[in-house]
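Descriptive analysis of the structure
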Amino acid sequence: MSLQCGIVGLPNVGKSTLFNCLSNAKAQSANFPFCTIEPNVGVITVPDERLIKLGEICHPERGVIPTTVEIVDIAGLVKGASKGEGLGNKFLANIRETDAIIHVLRCFDDENVVHVDGSVDPVRDKEIIDAELQLKDLETVESRIQKCEKAAKAGGDKFAKLQLEVLVKYREALSQGKNARTVELENKEQEAAAKDLFLLTNKPVMYVCNVDEGSAVTGNEYVEQVREAVKDEDAQVLVLAAKIESEIAELESYEERQMFLEEIGLQESGVNRLIKAAYALLKLRTFLTAGSDEVRAWTFREGMKAPQCAGVIHTDFERGFIRAEVIKYDDFVALGGEAQCRAAGKLGIEGKDYLVQDGDIMHFLFNV
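Note that the structure is predicted; figures quoted are calculated from it, not measured.

Of regular secondary structure, the protein possesses 14 helices and 12 strands. Looking at the protein as a whole, 49% of its 368 residues qualify as buried. Taking the intrachain contacts of the protein between residues at least 6 apart in sequence as the baseline, contacts between residues at least 24 apart amount to 71%. For the protein, the exposed surface amounts to about 18300 Å²; the carbon and sulfur share of it is 48%.

As structure tokens, then:
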């Protein structure tokens with residue numbers, strides 16, 4: 001399922017350092033703007049502790065196979081990007097192609113790392129990026145309004161009229177310096193009309209506060225400023241120290257990494273938390289298959305039904321779907337396997353309308 005999170009932010013806030021921690025692909029990391037000209041794409045393994053438990057129970061011959069998510073490192077935006085400043089048009093196009101945004105904010109002081117605007121102020125940095133994306137969206141909205149007005153008048157196009165209503169709402173919000181995602185749409189028809197617009201500020205967003213080593217556990221004043229600035233947005237704030245994460249990434253064994261984390265007071269690395277949060281930001285969920293051959297995680301979109309999830313494994317599974325056998329993860333672990341769940345009546349038989357839940361252990365029956 002090819003959905004992507006794009007990492008954005010001003011130059012020198014730690015985007016590429018963070019990307020390097022996430023992926024084996026090494027983005028160039030340097031103390032000057034625009035060191036990343038082409039977007040770097042990393043296919044990142046999604047940490048899932050459930051797979052370890054299932055592997056211990058099933059002892060699969062082919063092992064345990066996690067699912068993945070794609071992360072894109074996009075070059076730093078600057079003020080004026082919407083007008084083409086700093087290679088802005090290219091970068092904005094890269095953002096448009098992603099499905100969600102990870103907005104990295106610099107929340108640390110370091111005189112050896114220059115700030116493009118001369119001082120550290122994460123709220124100002126956020127507002128610069130927001131303003132550039134809003135200006136680009138406003139340009140898109142104005143252009144679409146003209147087309148919709150013509151179509152609505154000339155041909156009586158009902159969809160054009162509906163989309164015009166949505167566009168006017170967006171224009172009002174964007175003109176006031178608000179993001180498109182803050183606009184409340186009245187019904188599903190308007191939501192459908194909005195999807196076709198692909199506005200930059202309508203993408204789900206997560207703010208990542210890149211802090212100094214001493215603030216990795218508790219955060220700092222900069223983080224609190226960010227929390228206050230985004231309190232009215234439907235957005236998550238995640239705190240991590242990219243410098244520490246790069247040190248963790250260099251440790252070879254799981255045990256070494258856990259010892260390092262314990263020493264600094266963290267239960268889980270910031271990278272793991274970020275990957276999980278990015279996966280959720282894309283509204284992705286995981287169903288599982290577990291047997292003696294392999295234990296595997298499969299990605300599906302929130303709200304998908306059993307036949308669609310069967311199609312994630314193979315299109316024939318969806319085409320010839322008969323039914324699904326479903327075991328809840330907690331039951332599988334508590335009882336010790338599929339056979340025990342069958343004997344205890346904990347295996348459910350579900351049809352075409354079953355909404356698959358995160359963590360469901362699935363077995364599909366089909367006929368083609």
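All right, on to the sheet that holds strand β4 (residues 68–73) then. As summarised here, the arrangement of the six strands in space is β2-β4-β1-β5-β6-β7, forming an open sheet in which the pairing is mixed. Of all strands in the sheet, those bounded by a partner on one side alone are β2 (40–45) and β7 (236–240). Here the average twist between neighbouring strands, direction ignored, is 25 degrees. Helix-sheet contacts for helix α1 (residues 15–22) involve β1 (4–8), β2, β4, β5 (100–107), β6 (205–211) and β7, and the interaxial angle to β4 is about 155 degrees.

Counted by the stated rule, this structure contains 24 salt bridges. Note that R50 is salt-bridged to D358, the shortest N-O span being 3.0 Å. Of this pair, R50 sits in helix α2 (residues 49–58) while D358 sits in the loop between β11 (347–350) and β12 (361–366); the two residues are 308 residues apart in sequence, bridging distant segments of the chain. What makes R50 buried here is its relative accessible area of 18%.

This brings us to α1. α1 sits mainly inside the fold: seven of its eight residues count as buried. Every buried residue of α1 is accounted for by K15, S16, L18, F19, N20, C21 and L22.

A word on the pairing of β7. Across the five residues that make up β7, a large majority, four, are buried. Chirality of the crossover, the property in question, places the unit of β6, helix α7 (residues 221–229) and β7 among those that are right-handed.

Once that is clear, we can look at the nonpolar core. If you look at the biggest cluster of nonpolar residues, it comprises 60 residues, and the most contacted ones within it are L22, I71, I102 and M206. Considering every element that reaches this core, the biggest residue donor is helix α10 (residues 270–281), with seven residues. Sequence-distant contacts of I102, that is, excluding residues within four places in its chain, are made with C5, G6, I7, V8, I71, M206, V208, L274 and A278. C148, Y170, L174 and A193 belong to the second-largest nonpolar core, a separate cluster that totals 17 residues.

Okay, unusual backbone geometry next. A positive phi is found at F198, a non-glycine position, where the angle reads about 55 degrees. Mapping F198 onto the fold places it in the loop between α6 (188–195) and β6. Among the residues examined, F198 registers a relative accessible area of 53% and is labelled exposed. With a phi close to 60 degrees, K283 is a non-glycine residue in the positive phi region. Mapped onto the fold, K283 is located in the loop between α10 and β8 (284–290).

Once that is clear, we can look at the pairing of β4. Burial of β4 is extensive: five of the six residues sit out of reach of the surface. Summarising the sheet, β1 and β4 pair through four bridges and their orientation is parallel. Paired with C5 across the bridge in β4 is I71. Across six bridges, β2 lies against β4 in antiparallel orientation. Across the sheet, the residue bridging to N40 is D73, located in β4.

Let's shift gears to the packing of helix α5 (residues 158–175) against α6. With their axes 9 Å apart at the nearest point, α5 and α6 run at an angle of 80 degrees to one another. Between α5 and α6, the angle falls in the class roughly perpendicular. In contact with F159, L162, Q163, E165, V166, K169 and Y170 of α5, α6 contributes E189, Q190, A193 and A194. For the contact of α5 with α6, the per-class residue count stands at six nonpolar, two polar and three charged.

Within the structure shown, the criterion is met by five aromatic pairs. Pairing F287 with F364 gives two aromatic rings, centres 5.8 Å apart and planes at 90 degrees, and the pair type is edge-to-face. You can see F287 sitting in strand β8 and its partner F364 sitting in strand β12, a full 77 residues away along the chain. Assessed through its relative accessible area of 0%, F287 is described here as buried. Here the aromatic residues F287, W298, F300, F321 and F364 are joined through ring pairs into a cluster of three or more. For the cation-ring pair, R296 lies above W298, with the distance from its terminal atom to the ring centre recorded as 4.2 Å.

Detailed conclusions should not be drawn from predicted coordinates in areas where pLDDT is low. Residues with a pLDDT of 70 or more make up 89% of the protein, whose mean pLDDT is 87. Long-range and interchain partners of residues 25–37, a stretch whose pLDDT sits below 50, account for 36 contacts in this model, where long-range means more than four residues apart.

So, on to the environment of N94. Relative to the helices and strands, N94 is located in helix α3 (residues 88–96). Judged by relative accessible area, which is 11%, N94 ranks as buried.

What counts and what doesn't
Here the residue numbering is sequential within each chain, running from 1 through the sequence in written order. Owing to the predicted nature of the model, reporting of local features is limited to residues with pLDDT of at least 70; listing and counting of side-chain atom pairs is limited to 80 or more, with chain, interface and lining totals taken over all residues. Remark: hydrogens and water are excluded; side-chain values derive from all non-hydrogen atoms of the structure. Numbered from the N terminus, helices here are DSSP runs of H or I no shorter than four residues, and strands are runs of E no shorter than two. Each residue is placed in one exposure class: buried if its accessible area under a 1.4 Å probe, protein chains only, is under 20% of its type's maximum, exposed if it is over 50%, and partly exposed if it falls in between. Note on definitions: a residue-residue contact is assigned when non-hydrogen atoms from the two residues lie within 4.5 Å. All accessible areas in this document rest on Shrake-Rupley with a 1.4 Å probe, and a residue is counted as covered only by the protein chains that are shown. Only when DSSP finds a minimum of two bridges between them are two strands counted as paired. Axis definition: a line fit to C-alpha positions, over the contact stretch in the case of helices; interaxial angles, taken between N-to-C directions, run 0 to 180 degrees. For salt bridges, the criterion is a side-chain nitrogen of Lys or Arg within 4 Å of an Asp or Glu carboxyl oxygen. Orient the strands so they point away from the viewer; a crossover is then right-handed if the path from the first strand over the helix to the second runs clockwise. Note on terminology: a nonpolar core comprises buried Ala, Val, Leu, Ile, Met, Phe, Trp, Tyr and Cys residues joined through side-chain atoms within 4.5 Å. Oblique is the label for any angle not under 35 degrees, not over 145, and not in the 65 to 115 range, which are roughly parallel, roughly antiparallel and roughly perpendicular in turn. Classification used: nonpolar for Ala, Val, Leu, Ile, Met, Phe, Trp, Tyr, Cys and Pro, charged for Asp, Glu, Lys and Arg, polar for all others including Gly. Working definition: rings of Phe, Tyr and Trp (its six-membered ring) pair if their centres are within 6.5 Å, and the pair is stacked with planes under 30 degrees apart, edge-to-face with planes over 60 apart, and tilted otherwise. Two conditions define a charge sitting above a ring: the NZ of Lys or the CZ of Arg must be within 6 Å of the ring centre, and it must be within 35 degrees of the ring normal. The predictor rates its confidence in each residue with pLDDT, a number between 0 and 100.

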